Amino acid sequence: MRDTAQAADLLSWYDQHARALPWRVPPAESRAGHRPDPYHIWMSEVMLQQTTVAAVKEYFTRFTTLWPTVQDLAAADDARVMGEWAGLGYYARARNLLKCARVVVADHGGQFPDTREALLKLPGIGPYTAAAIASIAFNRVETVVDGNVERVMARLFDIHTPLPAAKPELTEKAALMTPGDRPGDYAQAVMDLGATICTPRSPACGICPWVAPCAARAAGTAAELPKKTPKKPKPTRVGVAYIARRADGAFLLETRPDRGLLGGMLGWPGSDWAEEVPDHSPPVEADWRDPGAEALHTFTHFHLRLAIRVADLPRGSNPERGQFLPPERFRPSDLPTVMRKAFDLARASFVDMS
């Protein structure tokens, strides 16, 4: 049985305290029947995977300005989209963004499906994203569970099973709490509650709309929930990046393979990344020098130490890998973060760039 009374309390709180987000329809407009653009909800949810709201706002605004509709995005140049995504991380999301936009246009007439089941068939859309789009954009009664919702449910019901083992139980509790009335607003309300009040540290229980029914608050265990299974230490991998500039100012870059980390992104030619420096060779014969610095970066599953080699090349150089990008077309901001770190460290080695 759904707890409609507690859902009503949360929605009343949300009506007064909802965060203003560029992809969101404010609760007053939502109650009047205005629905958000499914394109905006999809875009924001893809960007928000593994990324904070603060980081996403600027990217969302830029993307929806450059490509106001899903048709515009579907017709966009891949390299331009990947370049604009640079810095947001988890680059497979950008590749799937393009794939999904093109499927929506080609197979659905430019209209997003309005059910969780149909949304799940689109590239890059998993169970959480499908439920979020169906709920928020189409007001479907779906259970939307992100990290904020898991934390809220663990505390509300005082669940001590550690994550990730607790996910099925937390999802079951979240489903019981989801109301038939205003489910889209409710989904956003419970996420807002976790983001602003039921925070990981120092939850503001005194002003929480669910303080009375919260079992963890009553038991004094709220601060220790949700419990998590300890993560294994991240391994460290190493590699080499070759940064070369031709006499006319062009840089030697390559587009990384579509599959794998940083797939489809511009990058510096270099070695694979492994626990020990793998066999490698420079992309062109040159007087390569070591600037005495490493680019350090952390990915989801490992730390990376990227050694840098720098060279000045004459006109007429014929590299075995990569292509020269003219200076007027080279934007460091188009590089993924680790490649931009390497470039920033190498700049001082080019006399007129220091």
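Source: prediction; values computed, not measured.

1. Overview of the overall build of the chain
A tally of regular secondary structure across the chain gives 14 helices and 6 strands. Taken along the three principal axes of its C-alpha coordinates, the chain extends 75 × 45 × 35 Å. Within the span of the chain, comprising 354 residues, buried residues form 47% of the whole. Summed over all atoms, the accessible surface of the chain reaches about 17300 Å², with 51% contributed by carbon and sulfur. On the chain, the mean spot of the 42 positive side-chain charges and the mean spot of the 41 negative ones are 3 Å from each other.

2. Some thoughts on the confidence of the model for the chain
Summarising the model, the chain shows a mean pLDDT of 93, and 98% of its residues fall at 70 or more. For the chain, helix α6 (residues 78–85) is the element with the lowest average pLDDT, namely 89, and helix α5 (residues 70–74) is the one with the highest, namely 98.

3. Brief notes about unusual backbone geometry
At the junction of L163 and P164, the peptide bond is cis and its omega measures out at 5° in the coordinates. Note on placement: P164 falls in the loop between α10 (147–156) and α11 (167–177). The phi dihedral of Y90 is positive, around 50°, even though this residue is not glycine. For Y90, the location among the structural elements is in the loop between α6 and α7 (92–108). Accessibility expressed as a relative area gives 37% for Y90, which makes it partly exposed. You will see that D158, though not glycine, has its phi angle at about 50°, which is positive. Its location among the elements puts D158 in the loop between α10 and α11.

4. Some remarks on the pattern of salt bridges
Enumeration according to the criterion identifies 19 salt bridges in this entry. In this structure, the salt-bridge partner of D192 is R24, at a minimum N-O distance of 2.8 Å. Of this pair, D192 sits in helix α12 (residues 183–196) while R24 sits in the loop between α1 (4–17) and α2 (27–31), and the two are 168 residues apart along the sequence. Here R24 falls in the buried class, since its relative accessible area comes to 11%. Note that D78 is salt-bridged to R102, the shortest N-O span being 2.8 Å. Placement of D78 in helix α6 and of R102 in helix α7 is noted, with a sequence separation of 24 residues between them. With a relative accessible area of 30%, R102 lands in the partly exposed category. Where salt bridges share partners, they join E58, R62, R80, E84, R331 and D334 into one cluster.

5. Description of the packing of α10 against α12
As a packed pair, α10 and α12 sit with axes 8 Å apart at the nearest point and diverge in direction by 75°. What the angle tells us is that α10 and α12 run roughly perpendicular. Contact residues: α10 offers N148, V149, R151, V152 and M153, while α12 offers Y186, V190, M191, L193, G194 and A195. Each residue belonging to the contact of α10 with α12 can be placed in one class, and the counts come to 8 nonpolar, 2 polar and 1 charged.

6. Observations concerning the packing of aromatic side chains
Evaluation of the coordinates by the stated rule reveals 15 aromatic pairs. For the ring pair F251 and F343, a centre distance of 5.5 Å and an interplane angle of 85° mean the geometry is edge-to-face. Taken together, the residues F251 in strand β2 (residues 251–255) and F343 in helix α14 (residues 337–346) connect sequence positions 92 residues apart. Both residues of the pair, F251 and F343, count as buried. A ring pair is formed by F330 and F343, whose centres lie 5.3 Å apart and whose planes are at 75°; its orientation type is edge-to-face. Residue F330 is located in the loop between β6 (323–325) and α14, and its partner F343 is located in helix α14; the two are separated by 13 residues in the primary sequence.

7. Things to note about the pairing of β2
Counting buried residues along β2, 4 of its 5 residues qualify, which places the element largely inside the surrounding structure. Pairing geometry for β2 and β6, over 3 bridges, is antiparallel. Residue pairing in the sheet places L253 in a bridge with Q323 of β6. One ladder, built from 2 bridges, connects β2 with strand β3 (residues 266–267); its direction is antiparallel. Bridge pairing links T255 to L266 in β3.

Criteria and cut-off values
Residues numbered from 1 in each chain as written. Predicted model: local features only at pLDDT ≥ 70, side-chain atom pairs only at ≥ 80, totals over all residues. Heavy atoms only, no water. Helix = DSSP H or I, 4+ residues; strand = E, 2+ residues; numbered from the N terminus. Buried < 20%, exposed > 50% of the residue type's maximum accessible area, 1.4 Å probe, protein only. Areas by Shrake-Rupley, 256 points an atom, 1.4 Å probe, with all protein chains shown as cover. Lys, Arg positive; Asp, Glu negative; His and termini not counted. Charge placed at Lys NZ, Arg CZ, Asp CG, Glu CD. pLDDT = per-residue confidence, 0-100. Salt bridge = Lys/Arg side-chain N within 4 Å of Asp/Glu carboxyl O. Axes fitted to C-alpha atoms, helices over the stretch in contact; angles between N-to-C directions. Parallel < 35°, antiparallel > 145°, perpendicular 65-115°, else oblique. Contact = heavy atoms within 4.5 Å. Nonpolar A, V, L, I, M, F, W, Y, C, P; charged D, E, K, R; others polar. Phe/Tyr/Trp six-rings, centres within 6.5 Å; stacked < 30°, edge-to-face > 60°. Pairing = 2+ DSSP bridges.

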